[in-house]
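Below are the chains, spelled out letter by letter.
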Amino acid sequence: MADSILVVVEQREGKLNRVSWETITAGQAIAAATGWTLEAAVVGANAVAGEVAGKKVAKVYAIESATLDPYTPDAFAAALKQFLTAKQPKLVLMPHTYQVRDFVPKLATAMGRTCISDCIGFKHDGGKLVFTRQMFQGKLAADVSFTSDAPWFATFQSGAFRGDKAEDGASAAPVETFAAEIADGVIRNKPQEVFKEAKQAVDLTQAEIIVAVGRGIKEQKNIDIAKNLADALGGDLAASRPICDSGWLPMDRQIGSSGQTVAPKLYLALGISGAIQHIVGMKGSRTIIAVNKDSEAPIFEIADYAVVGNLFDIVPPLIEEVKKAKG
Amino acid sequence: MKILVCMKQVPQKDAPLKLNESGTWIREDVSYEVNEPDAYALEEALRQREKHKGEVVVITSGPARAQQVLREALAKGADRAIHLEDDRFVGLDAFNTAKAFAAAIKDEQFDLILTGLQSDDYGYAQTGVILAELMGLPHATIIMQIEKTDSGIRVKRELEAGFFQFVDMPTPAVLTIQSGINKLRYATLIGIKQAKTKPLRKVALAEVQSAIGDNLQKIEKLYVPQKTKKTEMIDGPPAEIAKKLVDKLRNELRVL
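Residues numbered from 1 in each chain as written. Chains lettered and ligands numbered in written order. Predicted model: local features only at pLDDT ≥ 70, side-chain atom pairs only at ≥ 80, totals over all residues.

Student: Help me understand the overall build of chain B, please; the structure alone is not making it clear to me.
Tutor: What chain B contains, in helices and strands, is 7 helices and 13 strands. Seen through its C-alpha atoms, chain B measures out along the principal axes to roughly 65 × 45 × 40 Å. In chain B, which comprises 256 residues, the share counted as buried stands at 45%. Sequence separation of at least 24 residues holds for 68% of the intrachain contacts in chain B that already meet a minimum separation of 6. (Helix = DSSP H or I, 4+ residues; strand = E, 2+ residues; numbered from the N terminus. Buried ≥ 20, exposed ≤ 12 C-beta atoms within 10 Å, placed from the backbone. Contact = placed C-beta atoms within 7 Å.)

Pasting the structure below:
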């Protein structure tokens, strides 16, 4: 059988998670580089299989079993193991979502295989496929290869590929159903309903200007410095996760993978180092200004304007200048 | 409850990193600290023990320097520690690290095994879940709350975009803990003193060698990432920086 790539798309309650298109784009790029066939699979809800079949893929599999809803890592890993053992793809790609993180290490281990997780790209040189991922919170990058047998598992970080670049197929790909058999007793967890904590009071997704603070703010009382700058600019105050974990700002002001994803005209990052989990929530900002005393902070990799220095020296005169400019 | 906490020593957040000569790992001469999510996992274990009695055991792998993480955990209140001590543990992939841990604790019965949700160095977010599968245990990830129930535990999973979910599960189980699940405690002076007399079991590589195999993946090359964005440096004395920034805000970004 020819080598193939399988993209496992993600669905929740019968709706496709849009980040899946990014993984399709990644799969199409790797297929173009390697000449391998690209196929896709949906676990649990065949309603989205038709949507995926519109893309340039050879086939879409709908992996079905009544036990796949609601999601449990036990059922997902068992169903995919059966499917992958039957189909033997060379490479299995998924988006690096919380759900995928929950079951992929289990699935790969159950098959005696490994997953290169949270990748941001791939390279294919001289027949060798390597995956690029960030290390040390984005300070360094690594090219990682598989040294084990296929199937190989890799997951891609949100935003690593453009979902809107996923190519449509000339005609709809065929959809094939695969019935997974999940024995009694396999599923040990009993998940309850998904819920949202008290309504989010602050919607930062609509903000045009955001002033965000990170660990560099040092103490809770210093938050006011950032607040004053946000006020002077007519913007909103936000923070990286550690600030909200410490209770210095409420959780609904958190930007990043576990908080809000924003794309304002201006994102002013004060004392934020730029861990990946924060960056994924703000890298779509039109202009990023970063102030940080560490010249090697990863935030500078994505900043349009970089100020290497102490925020306590720089922000007070900046507030004055902004006030002057506004008259 | 008998709880195992898997902990890792990682380079300090602000530490400048240098590549080794072969460009496959960092040079060892940096400052280290405990992986932050693991500190939250330890704190949660200590709180569960305070509520339900039992024992908290901490485990790590790595060279002699990694013992510092265990000493700190003992000072905060962990009862005993296990150190898989060898330089070569640093180079193991997540699969083999989990196998080494499983081999080191094979004669023990834990009700809960906690890890941080991911490490600040690799960021793979896999070792805990792999360990669960190797040991045949149920797991749940990115946990923000643990409650003991009649039949096991009820945990609160963090999902994306502000969503959560409670999950009932039997014990023994493996949980990966999210930062911010609790408020971290500091070690007390008396705790630091007591830590010195608490048991710390060293496990040599030879003891777990038969359980581990070749790595399943390999770092071919570690490097400083290439910048994809053009960044303009704004420098000078603070007052001048402020003027330059306001000029950008007004004339280029047009937000003033």
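Past the structure itself, the notes keep going.
Student: Sorry, what's going on with the interface of chain B and chain A here?
Tutor: Accessible area lost upon the coming together of the parts is a frequently used measure of interface size. With 68 residues of chain B in contact, the opposing surface of chain A contributes 70 residues. Listed by contribution, the elements that provide at least two residues to the side of chain B that touches chain A are helix H4 (127–135), strand S7 (139–148), strand S9 (163–169), strand S12 (217–223), strand S13 (232–233) and helix H7 (238–252) of chain B. Of the residues in the side of chain B that touches chain A, the class split is 38 nonpolar, 11 polar and 19 charged. The pairing of strand S17 (residues 305–308) of chain A with S13 of chain B spans 2 bridges and is parallel. If you follow Tyr 305 of chain A over to S13 of chain B, its bridge partner there is Glu 232 of chain B. (Nonpolar A, V, L, I, M, F, W, Y, C, P; charged D, E, K, R; others polar. Pairing = 2+ DSSP bridges.)

Student: Sorry, what's going on with the packing of helix H3 (residues 73–87) of chain A against helix H4 (residues 98–110) of chain A here?
Tutor: Packed helix pairs are characterised by how far apart their axes lie and by the angle those axes make with each other. Residues and elements named next belong to chain A. Where H3 contacts H4, the axes come no closer than 9 Å and their chain directions differ by 45°. Between H3 and H4, the angle is such that the two are oblique. Judged by the sense of rotation from one axis to the other, the crossing of H3 with H4 is right-handed. Note on element contacts: H4 touches H3 through Asp 102, Phe 103, Lys 106, Leu 107 and Ala 110, opposite Pro 73, Phe 76, Ala 77, Leu 80 and Lys 81. (Axes fitted to C-alpha atoms, helices over the stretch in contact; angles between N-to-C directions. Parallel < 35°, antiparallel > 145°, perpendicular 65-115°, else oblique. Left-handed = near helix turned anticlockwise from the far one by under 90°.)

Student: I tried to follow the pairing of S7 of chain B on my own but got confused; where do I start?
Tutor: In the case of a regular strand, side chains alternate between the two sheet surfaces. Residue and element names in this part refer to chain B. Sheet topology note: the S7/strand S10 (residues 173–177) ladder contains 3 bridges and is parallel. From the neighbouring strand, His 139 faces S10, where its bridge partner is Val 174. As defined by bridge partners, S7 adjoins strand S8 (residues 153–158) across 5 bridges and the pair is classed as antiparallel. From the neighbouring strand, Ile 143 faces S8, where its bridge partner is Arg 157. Hairpin connection, S7 to S8: the antiparallel pair is bridged by 4 residues.

Student: Would you take a moment to explain helix H5 (residues 223–233) of chain A for this structure?
Tutor: Given 3.6 residues to a turn, an α-helix orients residues that are three or four positions apart in the same direction. Residue and element names in this part refer to chain A. The complete set of buried residues in H5 reads Ile 225, Ala 226, Leu 229, Ala 230, Ala 232 and Leu 233. An end-on view of H5 places all buried positions within 165° of arc, on one side of the element. Buried-residue contacts for H5 involve strand S13 (209–213), strand S14 (236–239), strand S15 (266–270) and helix H9 (311–326). Looking one or two places after H5, you find Gly 234, whose phi comes out positive at around 70°. (Arc of directions from axis to C-beta.)

Student: So what exactly am I meant to see when it comes to unusual backbone geometry here?
Tutor: With the exception of glycine, the majority of residues adopt a negative phi angle, and the majority of peptide bonds are in the trans configuration. Geometrically, the link from Ala 150 of chain A to Pro 151 of chain A is a cis peptide bond, its omega value of 0° lying close to zero. A cis amide bond links Thr 171 of chain B to the next residue, Pro 172 of chain B, at an omega of 0°. For Ala 125 of chain B, which is not glycine, the phi dihedral falls at a positive 60°. Within the secondary structure, Ala 125 of chain B is located in the loop between strand S6 (112–116) and H4. In this structure Ala 125 of chain B comes out as buried when scored by C-beta crowding, with 28 C-beta atoms within 10 Å.

Student: So what exactly am I meant to see when it comes to the environment of Ala 66 of chain A here?
Tutor: Inspection of the secondary structure puts Ala 66 of chain A in the loop between strand S5 (59–64) and H3. Along the backbone, Ala 66 of chain A and Ala 179 of chain A are 113 residues apart, and their C-alpha atoms lie at a distance of 9.6 Å.

Student: For this particular structure, what's the right way to read the sheet that holds strand S9 (residues 140–146) of chain A?
Tutor: Strand pairing in a sheet relies on backbone hydrogen bonds, with the paired strands running either antiparallel or parallel. Across the sheet, which stays open at both edges, the 10 strands sit in the order S11(A)-S5(A)-S4(A)-S1(A)-S6(A)-S10(A)-S7(A)-S8(A)-S9(A)-S12(B) with mixed pairing between neighbours. Here the strands that pair on one side only, and so sit at the sheet edges, are strand S11 (175–179) of chain A together with S12 of chain B. Averaged over all neighbouring strand pairs, the angle between strand axes comes to 35°, with direction disregarded. As defined by bridge partners, strand S6 (residues 91–95) of chain A adjoins strand S10 (residues 152–156) of chain A across 5 bridges and the pair is classed as parallel. Counted as the bridge partner of Leu 91 of chain A is Trp 152 of chain A from S10 of chain A. Docked against the sheet, H3 of chain A engages strand S4 (37–43), S5, S6 and S11 of chain A, running at close to 150° with respect to S4 of chain A. Where H4 of chain A meets the sheet, its contacts fall on S6, strand S7 (115–125) and S10 of chain A, and the angle it forms with S10 of chain A comes to roughly 165°.

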